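# Reading the structure
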Amino acid sequence: MTQNEQAARKKKIMHVVMWIVLLVLFIVFIAPFILVVINVFKTKGDITADPLSLIGAHGFTLKNFPEAMKKMNFWLVFMNSAIITISATVLTILVSAMASFVIVRNQKWTACALLFGAMVASMVIPFQVLMVPLVSVYGGTLGVLNHRLTLILMHVGFSVSMATFMFHGAIHTNIPLELEEAAYIDGCTRWQTFWKIVFPLLKPTIATVAIIDAMAFWNDYLLPSLILTKKNLYTIPIATQAFYGTYSTDIGLVMAALLLAMAPILILYVFLQKYIVEGVTSGAVKG
Amino acid sequence: MKRNTMSYKVQLFCMFAGAASVLFLAVVIIPFIYGIYLTLTSWDGIAKTKPFVGLANYVEAFKDVAYWQALGRTAIYSIFAVILINIVAFALAYLVTSGIKGQNFFRAGFFVPNLIGGIVLGYVWKFVFNRAFVAIASAIARGTVPSPLSTTTGAMVCLVLVSVWQFAGYMMLIYVAGFMSVSDALKEAAMIDGCTPAQAMWNVTIPLMRASFVQCIFLSITRCFVIYDVNLSLTKGEPFNTSVMAAMHVYNTAFTYKKYGLGQAEALILFAVCAIVGVTQVYIGKKGEVAA
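Residues numbered from 1 in each chain as written. Chains lettered and ligands numbered in written order. Predicted model: local features only at pLDDT ≥ 70, side-chain atom pairs only at ≥ 80, totals over all residues.

On a plain count of helices and strands, chain B comes out with 12 helices and 0 strands. Its helices and strands in sequence order give chain B the pattern α-α-α-α-α-α-α-α-α-α-α-α, from N to C terminus. A compact globule built from 292 residues should have a C-alpha radius of gyration of about 19 Å, whereas chain B, at 24 Å, is more than 25% larger. Dimensions along the principal axes, computed over C-alpha positions, put chain B at roughly 80 × 75 × 30 Å. Counting the 292 residues in chain B, one finds 42% classified as buried. Of the contacts made within chain B by residues no fewer than 6 positions apart, 72% connect residues no fewer than 24 positions apart. (Helix = DSSP H or I, 4+ residues; strand = E, 2+ residues; numbered from the N terminus. Rg over C-alpha atoms; globule rule 2.2 N^0.38 Å. Buried ≥ 20, exposed ≤ 12 C-beta atoms within 10 Å, placed from the backbone. Contact = placed C-beta atoms within 7 Å.)

Now the structure itself:
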């Protein structure tokens, strides 16, 4: 065997070893989900008797789903989550793209510098610092809790700094000023220039912001739980928490509820996996 | 058009940045400032009046043993979680960038825990620890083994494990971007100069990825310090309030015991600790950064 062949063989063995290590890690990573999936089709007694068997002694059952759906009010909370996530994401994108445009193109204005500086600085503030005053102002003084709109606007307010920061970077580096000047010469106003020239060019950043924010809004628990206390307004995470509090002993139903809570985003991930991973990566690296 | 008048500037600013400014001020800046004022009162969350008490809340916060225990616990938890998250994430990133078959599939798979909220993840793992782990351990030990969540140390270990599992996939993506940014030519040059692959990794790749380390460590510190969702669903502070983390303690003080002023003071202290640790880390990390 020549040295080259030997090296190639060594490399191949290395790859096989690494592949096996990866596979084992992968199984460890998704094991909790697999456990939920196998147990969701068993009766309560079978899960307690043996949580690891593939099929319970009483056989395969689907009855956990309809019951959990009914008790959790699944379609209602799903719609609440969807309405809140979609509106807040769209609003965040529109509002922050517009703000970043005026900030990038007028950096010498005091208001722009002040706003941008405050936004960047505010990104380190954890939500825990804001939750008490938020509840006391909007719950106590203004009394606007228990409205979806309140939560939507709050989501936007919290995410606007990060999104503006990302759009700021995108406009600053990717959109040449000459392009806008050409539009002004052709008679566009600032408003038209932004919507017809700048905004369409921001598509990659829009996708990134949409993915990051939509995931954050969909999964957020603490803020919605403080704002929405009425059952008919619950989002999926709050409903899951409330469900667990009431039915934690009925483990079959819990399994179904957990799977239902995870299903929408997992299904979406199967189709948009490439975009989500890319979006999160570019968001993480720039942020 | 008069481009330089004040009214033009105000108009343009309001048109584009008006909505963003109003929402940002209303949700972040005003509550932040108002929160500082709240720490000077002994408000109970219900009464119309907010009695001014000066710095009494801070004094009380410093005397609140349970709070400092929670903060200490959070620090210990964070140290273990941050180190493990970064080791696991770096290892995963190394494996999924080594050119193995199906690496994109693995990359997508390791990211899955990040798609799901902490509340749901916590309950999933609660099932794993309480049922599956107990079943396996009992079968091995041929007797009944209690759930790891029922002991003080066990609950903390479980919290660390779940956090590592939850965040490693996210940090992996940052490390993957770091690996990709180091050009192969540099590694090849090092190998030609006689480096073993391990030496090339240690002396070339890792120093060039310093920015990724700084960022990942910063992100994991700031996330671990304010852990709440998983804490709530996985352990709920049990057994006997020995797994209550700082954020949960703040929540309980303010909303369960209705001590809004004290809770807010404790939240600000938590923020200060978290910010000092995070900024120090970034400062130390950035100081020795090498440019490629």
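With that settled, the discussion passes to the overall build of chain A. If you tally the helices and strands in chain A, you get 13 helices and 0 strands. When its helices and strands are written in sequence order, chain A yields α-α-α-α-α-α-α-α-α-α-α-α-α. Rg of the C-alpha trace for chain A: 25 Å, well past the compact-globule value of 19 Å for 287 residues, more than 25% over. With respect to the three principal axes, the spread of C-alpha positions in chain A is 80 × 75 × 35 Å. The buried share of chain A, taken over its 287 residues, is 43%. Counted over contacts in chain A with a minimum sequence separation of 6, partners at least 24 positions apart contribute 74%.

On to the confidence of the model for chain A. Low pLDDT marks stretches whose predicted atomic positions should not be read closely. Residues with a pLDDT of 70 or more make up 99% of chain A, whose mean pLDDT is 86. Across chain A, helix H4 (residues 74-105) of chain A holds the top mean pLDDT of 92, while helix H2 (residues 44-49) of chain A sits lowest at 77. (pLDDT = per-residue confidence, 0-100.)

The interface is formed by 68 residues belonging to chain B together with 69 residues belonging to chain A. Residue assignment for the side of chain B that touches chain A shows that the elements contributing at least two residues are helix H1 (6-38), helix H3 (65-96), helix H4 (103-111), helix H5 (118-141), helix H6 (152-181), helix H10 (229-235), helix H11 (246-256) and helix H12 (260-287) of chain B. No other element matches the 20 residues that H1(B) contributes to the side of chain B that touches chain A. Grouping the amino acids of the side of chain B that touches chain A by side-chain chemistry returns 53 nonpolar, 10 polar and 5 charged. (Nonpolar A, V, L, I, M, F, W, Y, C, P; charged D, E, K, R; others polar.)

The next thing to look at is the packing of H3(B) against helix H9 (residues 210-225) of chain B. Residues and elements named next belong to chain B. At a closest axis distance of 9 Å, the pairing of H3 and H9 adopts a crossing angle of 145 degrees. H3 and H9 meet at a crossing whose hand is right-handed. Counted together, Thr-74, Tyr-77, Ser-78, Ala-81, Val-82, Ile-85, Asn-86 and Ala-89 of H3 and Cys-216, Ile-217, Ser-220, Ile-221, Cys-224 and Phe-225 of H9 form the full contact between these two elements. (Axes fitted to C-alpha atoms, helices over the stretch in contact; angles between N-to-C directions. Left-handed = near helix turned anticlockwise from the far one by under 90°.)

Turning next to unusual backbone geometry. The bulk of non-glycine residues show a negative phi, and the bulk of peptide bonds are trans. The phi dihedral of A:Asn73 falls on the positive side, at around 60 degrees, and the residue is not glycine. Examined against the element boundaries, A:Asn73 turns out to sit in the loop between helix H3 (64-72) and H4.

The next point concerns the packing of helix H7 (residues 184-192) of chain B against helix H8 (residues 197-208) of chain B. Residues and elements named next belong to chain B. Where H7 contacts H8, the axes come no closer than 10 Å and their chain directions differ by 135 degrees. If you check the angle between H7 and H8, you find them oblique. Classified by chirality, the crossing of H8 by H7 is right-handed. Here H7 contributes Leu-186, Lys-187, Ala-190 and Met-191 to the contact with H8, which in turn contributes Ala-200, Asn-203, Val-204 and Thr-205. Of the residues in the contact of H7 with H8, the class split is 5 nonpolar, 2 polar and 1 charged. (Parallel < 35°, antiparallel > 145°, perpendicular 65-115°, else oblique.)

To continue, consider the nonpolar core. Within the largest apolar cluster, 167 residues are counted, with the highest numbers of intra-cluster contacts made by A:Ala257, A:Leu258, B:Ala89, B:Ala168, B:Met171 and B:Met172. At 16 residues, H6(B) tops the list of elements feeding residues into this core. Not counting chain neighbours up to four residues away, the residues in contact with B:Met171 comprise B:Ile85, B:Asn86, B:Ala89, B:Cys216, B:Leu219 and B:Ser220. (Core = buried A, V, L, I, M, F, W, Y, C linked by C-beta atoms within 7 Å.)

Residues at a pLDDT of 70 or more form 97% of chain B, whose mean pLDDT is 85. For this predicted complex, the interface score ipTM comes out at 0.86, alongside a pTM of 0.87.

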